[in-house]
Amino acid sequence: MSIKEVLVPDIGSFKDVEIIELMVSVGDAVAADASLMTVESDKAAMDIPAPFAGTVKEIKLKVGDKVSEGSLILLMDTSNVDAPASAAPVVKSFTPPAATVVATVPPPSHLAPEVPAHIPPKHRPDPVGASAQFCDGKPAHASPAVRRFARELGADLCRVKGSGPRGRILKEDVQNWIKAELAKPTGEAIGLGIAPAPVVDFAQFGEVETQTLSRIKKLSGVNLHRNWVTAPHVTQFDEADITDLEDFRKSMTDEAAKRGVKLTLLAFMMKAVVNALRTFPSFNASLATDGESLVLKKYFHVGFACDTPDGLVVPVIRDVNKKDVMDIARELGELAELARERKLKVDAMQGGCFTITSLGGIGGTQFTPIINCPEVAILGLSRAEMKPVWNKAAKQFEPRLMLPLSLSYDHRVIDGADGARFTSHLRLMLSDVRRLLL
Ligand code: CAO
């Protein structure tokens, strides 16, 4: 057995400072540089690190004792560490690893707390004690090690209640706080302050049956919730005159059927959307994860929401700009069939730039679709209706087939003016389908 003394190293002008926390117990295996204890003066707290690795044999001090340079902290058995004992520094003359200092009072911006001169700059507190977290102008009551621990776990020390002496926040307090936060419903856990949903026993009001959600519903539910909460949505409503487009589509359905294709409005919409994406590139983009830049896509892959017995899926048609309406219609039909038969491959649902969701075949006048993040916009189509539309030139109302458009966009990326320009552009494209050829 090789027993060595561990002494308080040179701690600069810190003298007779109180031990406020001991981080080790007898029997603990301690790595070199691990924090052994925290001392605190009236200006700053400081962690004292282990000068070498070993097992704690005996602790010579307790919380509340006052120490200065040279005070004996503990005895350490170094016989079981990898490095041979003889290679370890001589205890009484070793150069201690730097202690970590944190201000305990917010210093004036031009003053740093008193710091031992030998502590390298990276370990020094900055002039405002930034490594300390301030709550209501006072630093959180925690040792540097606990602050570091909280920072690593993303714990907000201002919300953690300390159970140590004089309300000091201990490591266990941070651990308990994290556990409690994780147990809360998501909205509350990320600090949205959403009240938890009430737990109701519905059976007390009448007969009920519980059905397990499908895997797709569970997955899409989580994503929809995240997208709804994280992307600030605005929905722009508009109406497009598709009278001529619908006449043309109907005139082509037999020809398309002979080629085995169901020529739907959605196929034309895909072309119109790509035209609008080319004109307004910020709609064909995603925010970079750090929120600092916009990734503009040079390809045009468009997804469409497909209602299946298991829930909503979004197959993606790739390179819509390079395909004609008939090809798009064929692919739409094939992908929708695969989705309903649960045969859609994962890669057929990836890489989308923009999504169209059509409830036109079902009904409704308008709705507010949720953006399929990281895309930045989604277009909803409702049921087209014959409406009286004022013809300025002829000074009369005319029956026109009007298609309701609902464009939801991420307001972090797209401004309201561009939202309105995008739907106006779509109106123009759809009102005269020949424009799509230009
Ligand atoms: N207005 C009026 N009629 C419309 C229309 C519209 N906007 N869109 C489609 N229709 C008509 C079609 O012309 C078709 O009529 P015919 O059979 O007489 O030709 C009928 O409605 C059914 O169309 P469809 O549903 O077969 O084809 P589609 O291309 O319009 O849609 C698909 C395909 C996959 C989008 C659709 O089947 C679907 O799943 N829609 C639901 C999407 C959804 O759930 N979105 C919500 C997402 S948010 O929860």
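Each remark here, short or long, concerns the structure printed above.
Residues numbered from 1 in each chain as written. Predicted model: local features only at pLDDT ≥ 70, side-chain atom pairs only at ≥ 80, totals over all residues. Heavy atoms only, no water.

Asks: Hey, could you run me through the packing of aromatic side chains in this one?
Replies: Two numbers describe a pair of aromatic rings. These are the distance of the centres and the angle of the planes. This model, assessed by the stated rule, comprises six aromatic pairs. Here Phe 280 and Phe 422 contribute two aromatic rings whose centre-to-centre distance is 6.0 Å and whose plane-to-plane angle is 55°, an arrangement assigned as tilted. Linking Phe 280 in the loop between α6 (265-279) and β13 (285-287) with Phe 422 in helix α8 (residues 416-431), this pair joins segments that are 142 residues apart in sequence. Comparing Phe 280 with Phe 422, the two get one shared label, buried. Each ring, one from Phe 283 and one from Phe 422, has its centre 4.1 Å from the other, and the planes form 20°; the classification is stacked. Of the two residues, Phe 283 sits in the loop between α6 and β13 while Phe 422 sits in helix α8, which places them 139 residues apart along the sequence. Accessibility classification places Phe 283 together with Phe 422 in one group, the buried group. Three or more aromatic residues joined by ring pairs form one cluster here, namely Phe 280, Phe 283, Phe 354 and Phe 422. A cation over a ring is seen here: Lys 4 above Phe 52, with NZ or CZ 5.3 Å from the ring centre. The cationic tip of Lys 171 hangs over the ring face of Phe 149; the distance from NZ or CZ to the ring centre is 5.0 Å. (Phe/Tyr/Trp six-rings, centres within 6.5 Å; stacked < 30°, edge-to-face > 60°. Helix = DSSP H or I, 4+ residues; strand = E, 2+ residues; numbered from the N terminus. Buried < 20%, exposed > 50% of the residue type's maximum accessible area, 1.4 Å probe, protein only. Lys NZ or Arg CZ within 6 Å of the ring centre and 35° of its normal.)

Asks: Could you clarify how one ought to interpret the sheet that holds strand β1 (residues 3-7) in this entry?
Replies: One key point about sheets: their strands pair by backbone hydrogen bonds, in either a parallel or an antiparallel sense. Pairing within the open sheet is antiparallel, and its four strands lie in the order β1-β8-β6-β3. Every other strand in the sheet has two partners, leaving β1 and β3 (29-30) as the edge strands with one partner each. In the sheet, strand β6 (residues 54-59) pairs with strand β8 (residues 72-77) via four bridges, with the strands oriented antiparallel. Note that in β8 the partner of Glu 58 across the bridge is Leu 75. (Pairing = 2+ DSSP bridges.)

Asks: So what exactly am I meant to see when it comes to the side chain of Thr 243 here?
Replies: Summarising the element assignment, Thr 243 is placed in helix α5 (residues 243-258). Here the side chain of Thr 243 touches Asp 241 through a polar contact of 2.5 Å, side chain to side chain. A polar contact is formed between the side chain of Thr 243 and the side chain of Arg 400, at a distance of 3.4 Å. Those residues in contact with Thr 243 that lie beyond four places of it in its chain are Arg 400 and Leu 401. (Polar contact = N/O pair within 3.5 Å; in protein donor to acceptor, adjacent residues only side chain to side chain. Contact = heavy atoms within 4.5 Å.)

Asks: I keep staring at the site of the ligand and nothing clicks. Help me out?
Replies: Taken together, 20 residues lie around the ligand, and Asp 307, Arg 340, Thr 357, Ser 382 and Ala 384 are the ones closest in. In the environment of the ligand, an oxygen atom lies 3.3 Å from a nitrogen or oxygen atom belonging to the side chain of Thr 264. Contact between the ligand and Arg 340: an oxygen atom at 2.8 Å from a side-chain N or O atom of the residue. Protein contact buries 67% of the 970 Å² of open area that the ligand shows by itself. Taken together, the elements giving at least two residues each to the shell around the ligand come down to α6, β16 (306-308) and β19 (354-358). Residues belonging to the shell around the ligand are distributed by class as follows: nine nonpolar, six polar and five charged. (Near = heavy atom within 4 Å. Areas by Shrake-Rupley, 256 points an atom, 1.4 Å probe, with all protein chains shown as cover. Nonpolar A, V, L, I, M, F, W, Y, C, P; charged D, E, K, R; others polar.)

Asks: What is the right way to read the packing of α6 against α8 from this model?
Replies: When two helices pack together, their arrangement is given by the angle between their axes and by how far apart the axes lie. α8 packs onto α6 with a crossing angle of 135° between their chain directions and a minimal axis gap of 9 Å. Between α6 and α8, the angle is such that the two are oblique. By crossing handedness, the relation of α6 to α8 is classed as right-handed. Across the interface between the two elements, Met 269, Ala 272, Val 273, Asn 275, Ala 276, Leu 277 and Thr 279 of α6 pack against Phe 422, His 425, Leu 426, Met 429 and Leu 430 of α8. A per-class count over the contact of α6 with α8 returns nine nonpolar, three polar and no charged. (Axes fitted to C-alpha atoms, helices over the stretch in contact; angles between N-to-C directions. Parallel < 35°, antiparallel > 145°, perpendicular 65-115°, else oblique. Left-handed = near helix turned anticlockwise from the far one by under 90°.)

Asks: What is the right way to look at α5 in this model?
Replies: Structurally, the α-helix is built with 3.6 residues per turn, so residues lying three or four positions apart point the same way. Over its 16 residues, α5 runs 24 Å from end to end, which matches the ideal 22 Å to within 8%, given 1.5 Å per residue. Approximately 40° is the largest bend angle found in α5, and it occurs at Met 252. Regarding α5, the residues found buried are Thr 243, Leu 245, Glu 246, Arg 249, Met 252 and Ala 256. Those residues of α5 hidden inside the fold are in contact with β12 (233-241), α6, α7 (325-340), β22 (396-410) and α8. Looking one or two residues beyond α5, the residue adopting positive phi is Gly 260, at roughly 75°. (Expected span 1.5 Å × (residues − 1). Bend = angle between axes of the 7 residues up to and from the residue.)

Asks: For this particular structure, what's the right way to read the pattern of salt bridges?
Replies: What the rule picks out here adds up to 15 salt bridges. Notably, a salt bridge pairs Asp 432 with Arg 434, separated by 2.8 Å at the nearest N-O pair. Residue classification places Asp 432 among the partly exposed positions, given a relative accessible area of 22%. For Arg 434, a relative accessible area of 58% translates into the label exposed. Overlapping salt bridges, with partners in common, bring together Asp 241, Asp 244 and Arg 400 in one network. (Salt bridge = Lys/Arg side-chain N within 4 Å of Asp/Glu carboxyl O.)

Function-wise, these values are silent; they only describe arrangement.
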